[in-house]
Amino acid sequence: MPTPTTFNLLPICSEPDPSLRQETLELLEWPRLCQHLASFAATPLGRRACLELDPWRSRAESEVCLDQTEEAIRLDCSQPGGISLDGIHNLLPALERAERGGILSGEELVQIATTLGAARRLRRLIDADERLPRLQEWVSNLRTYPELEQEIFRCLDEHGEVRDSASAALADLRRQHRQYRSQIQERLQQVMSQHPQALQDTLIGQRQGRFVLMVKATHRDLIRGIVHDSSASGATLYVEPYAVVELGNRLRETQAQIQAEEERILAALSAQVGSVAEDLEHLQAVMVGLEVALARARYSLWLGGNRPQFVPAGLRLRQARHPLLLWQSREEGKGPEVIPIDFTLSESIRAVVITGPNTGGKTVALKTLGLLVLMAKAGIFLPAQDPPQLPWFDGVYADIGDEQSLQQSLSTFSGHIRRISRIVQALQSEPAPALVLLDEVGAGTDPSEGAALAAGLLEYLAEKALLTLATTHYGELKALKYQHPGFENASVEFDEATLAPTYRLLWGIPGRSNALAIARRLHLEPEILRRAQQHLQGESQVDKVIAGLEAQRAQLEERAAQVGSLHQELETLYRQMQQRSRQMAEREAQLEYRQQQGLQALLAAARREVAAAVRKLQQGDDPQQVAAELEQIRRRYSPPPVETEFVPEVGDRVRLRGLGQTGEVIAVEGEVYVVRSGILKFTVPRGQLDPIDEHQAKQRQRPKAPPSPPPTTAPLNLRTSRNTLDLRGKTVADAEAILEQHFAQAPPGPVWIIHGHGTGRLRAGVQAYLQNHPRVQRFAPADPQDGGTGVTVAHLR
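Residues numbered from 1 in each chain as written. Predicted model: local features only at pLDDT ≥ 70, side-chain atom pairs only at ≥ 80, totals over all residues. Heavy atoms only, no water.

Some words on the confidence of the model for the protein chain
For the protein chain, the mean per-residue pLDDT works out to 84, and 89% of the residues sit at or above 70. The low-confidence segment residues 1-16, where pLDDT is below 50, has 34 contacts with residues more than four positions distant or belonging to other chains. Confidence drops under pLDDT 50 across residues 403-410; counting only partners more than four residues distant or on other chains, this segment forms 10 contacts. (pLDDT = per-residue confidence, 0-100. Contact = heavy atoms within 4.5 Å.)

Here we look at the side chain of S270
Along the polypeptide, S270 turns up in helix α10 (residues 245-275). Among residues more than four places away in sequence, those in contact with S270 are A98, G102, I103, L104 and L109. (Helix = DSSP H or I, 4+ residues; strand = E, 2+ residues; numbered from the N terminus.)

Concerning empty space enclosed by the protein
What the rule picks out here adds up to 2 cavities of 30 Å³ or more. Here the largest cavity defines a volume of roughly 80 Å³. In terms of lining, the largest cavity is formed by 13 residues, of which the most central are I417, I420, V441, G442 and L457. Secondary-structure elements contributing two or more residues to the lining of the largest cavity are α14 (412-429) and α15 (447-464). Across the lining of the largest cavity, the residue classes tally to 8 nonpolar, 2 polar and 3 charged. Within this model, the second largest cavity holds a volume of roughly 50 Å³. What lines the second largest cavity is simply I184, G209, R210, F211, E240, V244, G248 and L251. Only β2 (210-216) and α10 provide two or more residues apiece to the lining of the second largest cavity. Its residues assigned to classes, the lining of the second largest cavity comprises 4 nonpolar, 2 polar and 2 charged. (1 Å grid on protein atoms, 1.4 Å probe; cavity = no way out; pocket = protein on both sides within 12 Å on 5 of 7 lines; lining within 4 Å. Points joined across faces, edges and corners; volume = space filled by probe spheres on them. Nonpolar A, V, L, I, M, F, W, Y, C, P; charged D, E, K, R; others polar.)

Examining the packing of helix α6 (residues 106-127) against helix α8 (residues 146-155)
One can describe the packing of α6 onto α8 by two numbers: an axis separation of 9 Å at closest approach and a directional angle of 140°. Considering the angle they form, α6 stands oblique to α8. By crossing handedness, the relation of α6 to α8 is classed as left-handed. Taking contact as the criterion, the partners of L109, V110, I112, A113, T114, L116, G117 and R120 in α6 are, on α8, P146, L148, E149, I152 and F153. In terms of residue class, the contact of α6 with α8 is built from 9 nonpolar, 2 polar and 2 charged. (Axes fitted to C-alpha atoms, helices over the stretch in contact; angles between N-to-C directions. Parallel < 35°, antiparallel > 145°, perpendicular 65-115°, else oblique. Left-handed = near helix turned anticlockwise from the far one by under 90°.)

Some points on the packing of aromatic side chains
Considering all chains together, one arrives at 7 aromatic pairs under this definition. Between the aromatic rings of F40 and W327, the centroid separation amounts to 6.2 Å while the plane-to-plane angle is 75°, which identifies the pairing as edge-to-face. A residue pair is termed long-range when its members are at least 10 positions apart, and F40 in the loop between α2 (30-38) and α3 (44-51) and W327 in helix α12 (residues 323-330) qualify at 287 residues. Both residues of the pair, F40 and W327, belong to the buried class. With a centroid separation of 6.1 Å and an interplanar angle of 65°, the aromatic rings of F343 and W507 are classed as edge-to-face. Of this pair, F343 sits in strand β7 (residues 341-345) while W507 sits in strand β14 (residues 500-507), placing them 164 residues apart in sequence. On the basis of relative accessibility, which here comes to 0%, the residue F343 falls in the buried class. An aromatic cluster is present here, built from F40, Y299, W302 and W327 joined pairwise through their rings. Over the ring of W56 we find R21; its NZ or CZ atom is 4.6 Å from the centre of that ring. Seen from the ring of Y238, R207 lies directly overhead, with NZ or CZ sitting 4.0 Å from the centre. (Phe/Tyr/Trp six-rings, centres within 6.5 Å; stacked < 30°, edge-to-face > 60°. Buried < 20%, exposed > 50% of the residue type's maximum accessible area, 1.4 Å probe, protein only. Lys NZ or Arg CZ within 6 Å of the ring centre and 35° of its normal.)

Observations concerning helix α1 (residues 20-27)
All of the buried residues in α1 are L20, T24, L25 and L27. Looking straight down α1, one finds that the buried residues subtend no more than 165° of arc, so they occupy a single side. Buried residues along α1 sit against α2, α13 (362-378), β10 (395-399) and α14. Phi for E29, located one or two positions after α1, is positive at around 65°. (Arc of directions from axis to C-beta.)

Quick notes on the pattern of salt bridges
Taken as a whole, this structure holds 33 salt bridges when the rule is applied. For the salt bridge of R100 with E96, the shortest nitrogen-to-oxygen distance reads 3.0 Å. For E96, a relative accessible area of 42% corresponds to the partly exposed category. Taken together, the salt bridges that share partners define one network made up of E63, D67, E70, R74, R134 and R307. (Salt bridge = Lys/Arg side-chain N within 4 Å of Asp/Glu carboxyl O.)

Section: the pairing of strand β11 (residues 434-438)
Side-chain direction in a regular strand flips from residue to residue, so the side chains alternate between the two faces of the sheet. Counting buried positions over the 5 residues of β11 gives 5, a clear majority of the element. Covered by surrounding structure in β11 are A434, V436 and L438 together with L435 and L437, the residues of both alternating faces. Two strands pair when backbone bridges link them, and β10 and β11 are joined in this way by 5 bridges, in the parallel orientation. Looking at β11, one finds that Y397 is bridged to V436. Note that β11 and strand β12 (residues 467-471) share 4 bridges and pair parallel. Across the sheet, the residue bridging to L437 is L469, located in β12. Handedness of the crossover joining β11 and β12 through α15: right-handed. (Pairing = 2+ DSSP bridges. Right-handed = clockwise from strand over helix to strand, strands pointing away.)

Quick notes on the sheet that holds β2
What holds strands together in a sheet is hydrogen bonding between their backbones, with the strands either parallel or antiparallel. Pairing in this open sheet of 4 strands is antiparallel, and the strands run β1-β2-β4-β3 from one edge to the other. Looking at the sheet topology across the chains shown, the edges are occupied by β1 (199-207) and β3 (225-230). Averaged over all pairs of adjacent strands, the angle between their axes in this sheet comes to 35°, without regard to strand direction. Sheet topology places β1 next to β2; 5 bridges connect them, and they run antiparallel. Paired with L199 across the bridge in β2 is V215. This element, helix α9 (residues 168-194), spans β1, β2 and β4 (236-241) of the sheet and lies at about 160° to β1.

Things to note about the environment of V286
Note that V286 resides in helix α11 (residues 277-303). Judged by relative accessible area, which is 3%, V286 ranks as buried. For the pair V286 and V139, spaced 147 residues apart in the sequence, the C-alpha separation amounts to 7.2 Å. Sequence-distant contacts of V286, defined by excluding residues within four places in its chain, comprise W138, V139 and L142.

Rendered as structure tokens:
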């Protein structure tokens, strides 16, 4: 095996490898995602465009694609059942022939017409929605040639056959053709009726485009004519009688003229198509682009995706799911439910080292991030919590999987180094933001040299690439976080209790291999485990620190979940309070509006009555009578007098009625006031206090409280024969039937149910029935004088 020093990581050649991007797409399984995307396209041309979707775009182009996807979602959701692309066909081969002067078939011309109609309808839908500026810009210069569509359908039917109305000459020729055919049929019928014994069959056939009769070879002389064919046995001759030969010739001539006229019509239509072929090719491209945008929109909705946001640095992808695993779980029914993972990195992080046991999800994490970045570049929404934020990456490079090659005599290690060398070369030749994904970096060689090489590579990539994610089993790489500020650790979680990975990605905590824990759970010889532990004396302390960090993380996650739950409860209460406040405000506004309406109505009625009284006065009625009417109107519409009473407050000077003394109120206890007058204190009811002057009397007047209603007494519940049921001796089923019939007719109130003691089964059955009955408010044993526990009293609503 060659050593790491055999390979040069910094090639002299500065030109990027053109195949590296395609290899990255294959390693991340981008073609498979394109297949899933193509299933949301409606036409073969759209499916092919989805399969060939190229994610390598500029940032401006990706932003435009995301805008188009967002608007396509709005457009598709605005129509019941979604946007229909029926009628759109692949026109490119026909347009190429028409542009060269070729004659198109009727079917091809009809496909052009239906595509024009579908494009025009789609453009109308887009132009009618103000929320679709990107799509409107896309179709703004689209020409759909309605006159060409109308001309095609005037000349051709939906199957591509030329109509009689296509030209007057064609209509005349087809009429003559039908006449000749009818005449031939009539003459042949006459011949058949004259010589029925000479016929092998009474059907009229055709041979070489000529109408013939099936004549017996032995009776050939009875029907003279031209023999066009014979049966295999020679017993039947296919004869065209001389009586219809001339008509047959005319029929053939007419048929040739019809074919020539149809070709002339098709040629004229093809020439019209050829003259606008360039515009129709542009229309075809726009339609394919719209279909791909709709496919991206529908795929994004299927994923439950959210629009990604490109940020200067940092990474925030919460609850991200691998799109291919989602498809495998939902559509193919394979595998368990996809476990979401989080990618949360600060702006200063340039490299992440992911550690943990095999099959824990490290490689899936790499592929998830790589695919999500490619999807964002291609204009597809991401299956992650809103809002997914990620930096812009011009390039995405991956080294994932086994690069062993027997043909090229390359070991696994050599294959990885070859690809990494090409990635470094691409970073040198294209100094732009890049994402690098490395799986099992440095593996396949001596562990010490592999770890050193991996550390050097990651340090170099942290300087050259915007972000690097690498998975590894080398414990030495975990220390890079504490040596370089741009490094971060992550690990895949492993449940030691079940010996199974949880597929969750934990940030800030390096992973443990858990080899000894797994071996201990699988009952490996304790002596072997003891010796292994002695060899790990130094590393065991690190594992203890990691275990402590994991425990702290678990506690923090639990607290965060509790805080999140409390936050949701507070938000719910806040929304409820807002809703109640709005409802109260609406009620107050409605009440005020009704009061204003009532006052306006009363004012209008009073004005009408006053105006009527004034008219009576003007007409000479008795002034005293009119004045009396006005007084009645005043009393009728004046508000009723409000009774008031003097209510002093602490600190007020008051006069003690009947004593001629004045004093100061020093305490109030309900309706009883304590008044200090000099050195004396008087405790008197409020009714014995008077104001000192008129100003105080007006200031302390309050509306008199209405008299309190007399206290209500609880209704008297009497036990009678109507509200007493005796169920003794009944089964539980019979008792339930009796209770149901009684409860359906009984008024609200108590019902005494006698069930006795016995074995207790009847009492338990009755009480279980009462527990679930909607009319029973509560029930309890009766008082001792009414039967105690042998009687249950149920209170009905």
